[in-house]
Amino acid sequence: MPSPAAITARQAADDFAIPAFDPSGPHAAAGAAPRRPALPAILARKPPEQPRGFTGRQTILSVVVEVDPKKAAMLRAVLEKLRNDEEATRPKYDRLKQAVPTLHFISMTVFEDAHHDPVLVVEANFDGPPGPFWASLEAAIGPWLRDMVRCCKRPRDGTAAMFDAIVADRARLPVAPFFEAQTVRPAAGHQGNRGLTRARIEAEAALFQAVQEELGDRQRFAGMSAPGIHAALRRALLPDIGWLEAESPRRIARAENTSDWLRLAGFGLAALLAVSAPAILAWLLLPWWLVPLLSLAASFAFALVLRRYGGPETSSGLLPPSLRVQGALALLLFSGVLPVVLGVLCWLRWLEGRDQPQDAPPVDEEEVRRMSAREDRVLQNHMGSVVLVKPGALRAVLIRGGLWGLGLLLRVLPEARRGYLSSMRTIHFAHWALVGNGGRLMFFSNYDGTWESYLDDFIEKAHGGLTLAWCNCVGFPPARFLWFEGATHGRRFKAWARSSMAVSGFWFSAYPDLTVEQIERQHAVAEGLRRPELTPKEAAEWACLL
């Protein structure tokens, strides 16, 4: 067996295509088994330990900087030059890919709108903490980052002095700290392959190709059982891939899992205290017998108002048919919490009834043509959107609470942890973030497939979540109670979404030919090969992935 080729781990992602065995070639003619080509060095880890970069938490963030309106065209030219330079490398974007080994996706977009000055948004998805990432990014494209900053407005916060030093003639102060200081964390986010670092994705993709090469010798595996195929592949690959003998690292660390559940519990407690505060004051200030009576009267009045506004229909009138739910409502009624909840719902429905959705939002046809020209070049696509948030105190509370709660749920739900939203697993990274003192909502997504199919799937299968995330934004299709209708108005929702999008001046994917499903498939194959033995049932299920 020849020794692995002397290439770096980062180059392995570009060497995935191992030549397939030709059954009509010289090996077959001689009746000999084919010689497997040398494996990428990312696989050749003989000691039974995890390769570097196999563990680590994924980070999602955005940098938002206001652009000088007079320099917006100059900034777009900088982004275009950066894109052209990176696409000129062979393979495309190879320089950035190797210089920033933790980077999954990055986009740089200029958003222009009549309501505000242009803004530059740098959206990044990477492994590990922000500091090392920004340092490696500056080492890779530092001059372009400095040119971008020079097109931006001088900030009015504590980073103004840093900005002046960065944009000065012959400036040498690093740009990375400025970008890190302008970071905006997501209000809610989703990861399709949570817990899989880029190094691990690339190593398992290379392993999968090595498995396919081994399986190219069909005569060798003809008539073999699934456990036999597993054992034969493991024997063939172990001499070159030592990390298959190491224990598989946890995708979600125990500390991270505990943190997710504690934050969700804290959110629930805070929400409960918020709606219970008026009732607690009533019990402290009023006679004990008066609170249930007032609660009953107020709840009845609010229920009638909600029915008039078109509240959720039930088979038993105002109360749901479930005895458990009725018991919970009785407890809330006695405690005085129910009228608070019903009062907020009445206020919400009053606002929703006066919303002014856009049936035909203005769409820049030239911008749409530029977006269409950039889409569907690879298996993945990118979407970036910025919309205005509806004014008002209740809206401000609901959009923050809704996004925060949605984000926390996505971090603990088992299906979401496996990459699914409803029955769909097509999003690599996506997030919402509030910017401009909460006056605007950003959304970014790196997904598989076309834009049309992407939105159609969500409209059909996950419209409730879309409505919850966006119903407090200006022009969104009419919604009820934050969850119903809204995104189900498919044509209006897609027109509204398209009108809020902008062409990304620069977009990079570290593995443009891999879908979320394929990454999970390769991971499952690798996990199976890590195990010395599989039961017949496990082996049969594992063999189906090959």
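These notes cover the structure that comes with them.

Once that is clear, we can look at the overall build of the chain. Within the chain, the regular secondary structure consists of 21 helices and eleven strands. Every one of the 546 residues in the chain was classed for burial, and the buried ones make up 48%. Considering only residue pairs separated by 6 or more positions, the chain has 77% of its internal contacts joining residues 24 or more positions apart. Summing over all exposed atoms, the chain offers an accessible surface of approximately 26300 Å²; the carbon and sulfur share of this is 60%.

This part takes up helix α5 (residues 160-167). Within α5, the full set of buried residues consists of A160, F163 and I166. Axial view of α5: buried residues confined to an arc of 120 degrees, hence all on one face. Against α4 (130-150) and α6 (176-181) lie the buried residues of α5.

Regarding helix α14 (residues 365-374), the residues found buried are E367, V368 and M371. For α14, the angular spread of the buried residues around the axis is 100 degrees, confining them to a single face. Where α14 is buried, its residues touch α19 (490-499). Phi turns positive one or two residues past the end of α14, at D376, with a value near 65 degrees.

Ranked by size, the top nonpolar core spans 49 residues in total, and within it I106, M108 and M148 carry the most contacts. Of the residues forming this core, the biggest block, nine residues, is contributed by α4. Among all residues touching I106, those that are not within four sequence positions of it are L96, V122, E123, A124, F133, L137, F506, W507 and F508.

Our next topic: the packing of aromatic side chains. Two measures describe an aromatic ring pair: the distance that separates the ring centres and the angle between the ring planes. All told, the structure shown has 22 aromatic pairs when counted by the stated rule. Measuring from centroid to centroid gives 4.0 Å for F126 and F133, while their planes differ by 5 degrees, and the two rings are stacked. Of the residues examined, F126 reaches a relative accessible area of 0% and is grouped as buried. Since its relative accessible area comes to 1%, F133 is described here as buried. Measuring from centroid to centroid gives 5.2 Å for F476 and W496, while their planes differ by 85 degrees, and the two rings are edge-to-face.

Look at helix α17 (residues 451-461) against α19: their axes get within 11 Å of each other, and the N-to-C directions meet at 130 degrees. On the basis of their axis angle, the class for α17 and α19 is oblique. For the pair α17 and α19, the crossing hand works out as right-handed. Between α17 and α19, the contacting residues are W451, E452, L455, D456 and I459 on the first element and G490, F493, K494, A497 and R498 on the second. In terms of residue class, the contact of α17 with α19 is built from five nonpolar, one polar and four charged.

Cut-off values and rules
Residues numbered from 1 in each chain as written. Predicted model: local features only at pLDDT ≥ 70, side-chain atom pairs only at ≥ 80, totals over all residues. Heavy atoms only, no water. Helix = DSSP H or I, 4+ residues; strand = E, 2+ residues; numbered from the N terminus. Buried < 20%, exposed > 50% of the residue type's maximum accessible area, 1.4 Å probe, protein only. Contact = heavy atoms within 4.5 Å. Areas by Shrake-Rupley, 256 points an atom, 1.4 Å probe, with all protein chains shown as cover. Arc of directions from axis to C-beta. Core = buried A, V, L, I, M, F, W, Y, C linked by side-chain atoms within 4.5 Å. Phe/Tyr/Trp six-rings, centres within 6.5 Å; stacked < 30°, edge-to-face > 60°. Axes fitted to C-alpha atoms, helices over the stretch in contact; angles between N-to-C directions. Parallel < 35°, antiparallel > 145°, perpendicular 65-115°, else oblique. Left-handed = near helix turned anticlockwise from the far one by under 90°. Nonpolar A, V, L, I, M, F, W, Y, C, P; charged D, E, K, R; others polar.

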